[in-house]
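Notes for the structure review
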Amino acid sequence: ELMQAFWDIEEVQAKSIQRLASFVRDESALPYLLTFTELITFAMKTHVDSLKLQVDGCSLLLEILSQALEQDVVVALGENVTSSLLETVRKHSENEELLSWICTLLMMISASEVAAENLRKVGVIPDLLSILRNFIHNEKICFSCCGVLWSLAVSESNVDQELLRSAVPVTSAALQEHLQNGTVAESACSALWALSLQGCLTEEEYEPTTALLLEALRVNSERPVLVKNACLALASLLRLSEIAALRFITDAKGSGINLIKDAYHLHLRDPEVVENICVLVNEMVPYGEMVILFVES
């Protein structure tokens, strides 16, 4: 009631958010805290110029959603919440630390199909791509942005294809930048897989993307999630293009055939990894003659 009655007074909103933050460690308080998500984001939107209120609001929302995730509580956040967060992104587009928190928040939110649809409606994709370009060195931001892109691209809903096509180069750049970071590479591989499924790659991107995915596999072959995502992305590319298949088979750093054989032996007891490797092998079948020529040479 206090937050609603004095919505235009920054000090009241700031103190209310601080007071709510004192309850986040009490697990029994979660149902009540969840009812405050719209009020918190409304306060952030109303006082968007206040950096401290944005930081405190983001921190509180992250605590609430993290606790909901731990307790397997489904959180349905409306369009008002996503539009308020986007307002903060646009107002504080140069504040790397704040953007890092908001991107984490957006990734958590986008796990819900309804929330992902709301993010599409408010036009989050150009903002995500801008953040990625500007802060590509930031591992946390790249991980979160690629996670959101995956959620938006993997859906069957109508997504602006031109916008998603523009996500391919920057997602590839994020993967290239963070090849040695398995967590970020996993997220980027999943985004590239979803983008390839949506037909967002151009013919010129097939070969370099195939080479990049192979490199991600080489560097992170011990990570089952990355192997699964990379195999699905490669399978999608082989389904689309002979150029991708040729690069996969004859890559200068080592054939993809040998890579997936090694991955199979490494993850033999993980049925999900083996299944995705089989999906990739199945896409190689139409290129049987090419494979035979490579093996013979």
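This text follows the structure it describes.
Cut-offs applied
Residues numbered from 1 in each chain as written. Predicted model: local features only at pLDDT ≥ 70, side-chain atom pairs only at ≥ 80, totals over all residues. Heavy atoms only, no water. Core = buried A, V, L, I, M, F, W, Y, C linked by side-chain atoms within 4.5 Å. Buried < 20%, exposed > 50% of the residue type's maximum accessible area, 1.4 Å probe, protein only. Helix = DSSP H or I, 4+ residues; strand = E, 2+ residues; numbered from the N terminus. Domains from an automatic or database assignment. Contact = heavy atoms within 4.5 Å. Salt bridge = Lys/Arg side-chain N within 4 Å of Asp/Glu carboxyl O. Expected span 1.5 Å × (residues − 1). Polar contact = N/O pair within 3.5 Å; in protein donor to acceptor, adjacent residues only side chain to side chain.

This part takes up the nonpolar core. Buried together is how nonpolar side chains tend to be arranged in soluble globular proteins. By size, the foremost hydrophobic cluster in this structure holds 99 residues, and its most contacted members are Leu175 and Phe248. When residues of this core are assigned to their parent elements, the largest contribution, ten residues, is made by helix 15 (residues 224–240). Built from parts of two domains, this core gets at least three residues from each of domain 1 (1–122) and domain 2 (165–296). In this structure, Phe248 is in contact with Thr210, Leu214, Leu234, Leu238, Ser255, Gly256, Ile257, Ile260, Leu280 and Met284, ignoring residues within four places of it in sequence.

Okay, the pattern of salt bridges next. A complete count under the given rule lists 14 salt bridges for this structure. One salt bridge in this structure joins Asp49 and Lys91, with 3.1 Å as the shortest N-O distance. You can see Asp49 sitting in the loop between helix 4 (37–46) and helix 5 (51–70) and its partner Lys91 sitting in helix 6 (residues 79–91), a full 42 residues away along the chain. Given the relative accessible area of 57%, Asp49 is considered exposed.

What follows covers helix 10 (residues 139–154). With 16 residues, helix 10 extends 22 Å from end C-alpha to end C-alpha; this agrees with the ideal 22 Å at 1.5 Å per step. Taken together, the buried positions of helix 10 are occupied by Ile141, Cys142, Ser144, Cys145, Cys146, Gly147, Val148, Leu149, Ser151, Leu152 and Ala153. Those residues of helix 10 that are buried are in contact with helix 7 (96–110), helix 8 (113–121), helix 9 (125–134), helix 11 (161–165), helix 12 (167–177) and helix 13 (182–197). Taking the backbone nitrogen of Lys140 as reference, a side-chain oxygen 3.0 Å away marks Asn138 as the first, capping residue of helix 10.

For Cys58, the position within the fold is in helix 5. Relative accessible area serves as the criterion here: at 0%, Cys58 is assigned to the buried category. Sequence separation of Cys58 and Ala68 is ten residues, and the distance between their C-alpha atoms is 15 Å.

Moving on, we get to the environment of Ala116. Relative to the assigned elements, Ala116 resides in helix 8. Through-space distance from the C-alpha of Ala116 to that of Leu77 is 9.9 Å; in sequence the pair is 39 residues apart. Those residues in contact with Ala116, other than ones at most four positions away along the chain, are Ser110, Ser151 and Leu152.

What follows deals with the side chain of Thr104. Mapped onto the secondary structure, Thr104 falls in helix 7. Sequence-distant contacts of Thr104, defined by excluding residues within four places in its chain, comprise Leu62, Lys140 and Ser144.

Looking at the secondary structure, you find Arg90 in helix 6. What makes Arg90 partly exposed here is its relative accessible area of 48%. Expressed as a C-alpha distance, the spacing of Arg90 and Ala167, which sit 77 residues apart in the sequence, is 18 Å. Non-local contacts of Arg90, meaning those with residues more than four positions away in its chain, are made with Val122, Gly123 and Asp127.

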